[in-house]
Amino acid sequence: MRLDKYLKVSRVFKRRTVANEVCDAGHVSVNGKTARASYDVKENDIIEIQMGENKTRIMVLKVTEHATKDEAPLMYKVL
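Residues numbered from 1 in each chain as written. Predicted model: local features only at pLDDT ≥ 70, side-chain atom pairs only at ≥ 80, totals over all residues. Heavy atoms only, no water.

A. Quick peek at the overall build of the protein. The helix and strand inventory of the protein stands at 2 helices and 5 strands. Ordered by position from N to C terminus, the α and β elements of the protein give α-α-β-β-β-β-β. Taken against the 2.2 N^0.38 rule, which gives 12 Å for 79 residues, the C-alpha radius of gyration of the protein at 11 Å falls within 12% of a compact globule. Overall, the protein is about 30 × 25 × 25 Å in size when its C-alpha atoms are taken along their principal axes. By the burial criterion, 37% of the 79 residues in the protein qualify as buried. Of the contacts made within the protein by residues no fewer than 6 positions apart, 35% connect residues no fewer than 24 positions apart. (Helix = DSSP H or I, 4+ residues; strand = E, 2+ residues; numbered from the N terminus. Rg over C-alpha atoms; globule rule 2.2 N^0.38 Å. Buried < 20%, exposed > 50% of the residue type's maximum accessible area, 1.4 Å probe, protein only. Contact = heavy atoms within 4.5 Å.)

Have a look at this one:
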């Protein structure tokens, strides 16, 4: 699954276009390397999101095409 879609489905970002713009701006890295929105997310990847002073690190636990509001937080773990 594409990185921007994963961030939207897991509800880290509310909209896919916002996730895409953040990735294109270079604020997202996967496993220590800057990642584009088209990066193929796999389980156990470590995603770091830098938004101003805030830095969020999450570990991908599950990759699914669709997730309900209750299932979305189970797709990742905040580190």
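From this point, the narrative continues.
B. Structural view of the pairing of strand S3 (residues 46–51). Bridging between strand S1 (residues 28–30) and S3 involves 3 bridges; their strand directions are antiparallel. Looking across to S3, one finds that Ser 29 is bridged to Glu 48. Relative to strand S4 (residues 54–60), S3 runs antiparallel, the two being bridged by 6 bridges. From the neighbouring strand, Met 51 faces S4, where its bridge partner is Asn 54. Hairpin remark: S3 followed by S4, antiparallel, with 2 residues in the connecting loop; positive phi at Gly 52, about 65 degrees. (Pairing = 2+ DSSP bridges.)

C. Here's a closer look at the environment of Met 51. Along the chain, Met 51 turns up in strand S3. Note on Met 51: relative accessible area 40%, which makes it partly exposed. On a C-alpha basis, the gap between Met 51 and Arg 16 in space is 16 Å, while along the polypeptide they are 35 residues apart.

D. Fine view of the sheet that holds S1. Read from one edge to the other, the open sheet built from 5 strands follows the order S2-S1-S3-S4-S5, with strand pairing classed as antiparallel. Two strands bound the open sheet, and with one partner strand each, they are strand S2 (33–34) and strand S5 (76–78).

E. Representation of the nonpolar core within the structure. In terms of nonpolar packing, the biggest core is built from 21 residues, with Leu 3, Tyr 6, Leu 7, Val 28 and Ile 47 touching the most fellow members. Sorting the residues of this core by element identifies helix H1 (3–9), helix H2 (16–24), S1, S3 and S4 as the ones contributing at least two each. Apart from residues lying up to four places away in sequence, Tyr 6 is in contact with Met 1, Val 41, Ile 47, Val 60, Leu 61, Lys 62, Val 63, Met 75 and Tyr 76. (Core = buried A, V, L, I, M, F, W, Y, C linked by side-chain atoms within 4.5 Å.)

F. Up close: H2. Every buried residue of H2 is accounted for by Ala 19, Val 22 and Cys 23. Viewed end-on, H2 has its buried residues packed into an arc of 100 degrees, placing them on one side of the element. Set apart from the buried face of H2 by more than 90 degrees, the exposed residues are Thr 17, Glu 21 and Asp 24. Buried positions along H2 lie against H1, S1 and S3. Where H2 ends, the next residue or the one after it, Gly 26, has phi of about 85 degrees, a positive value. (Arc of directions from axis to C-beta.)

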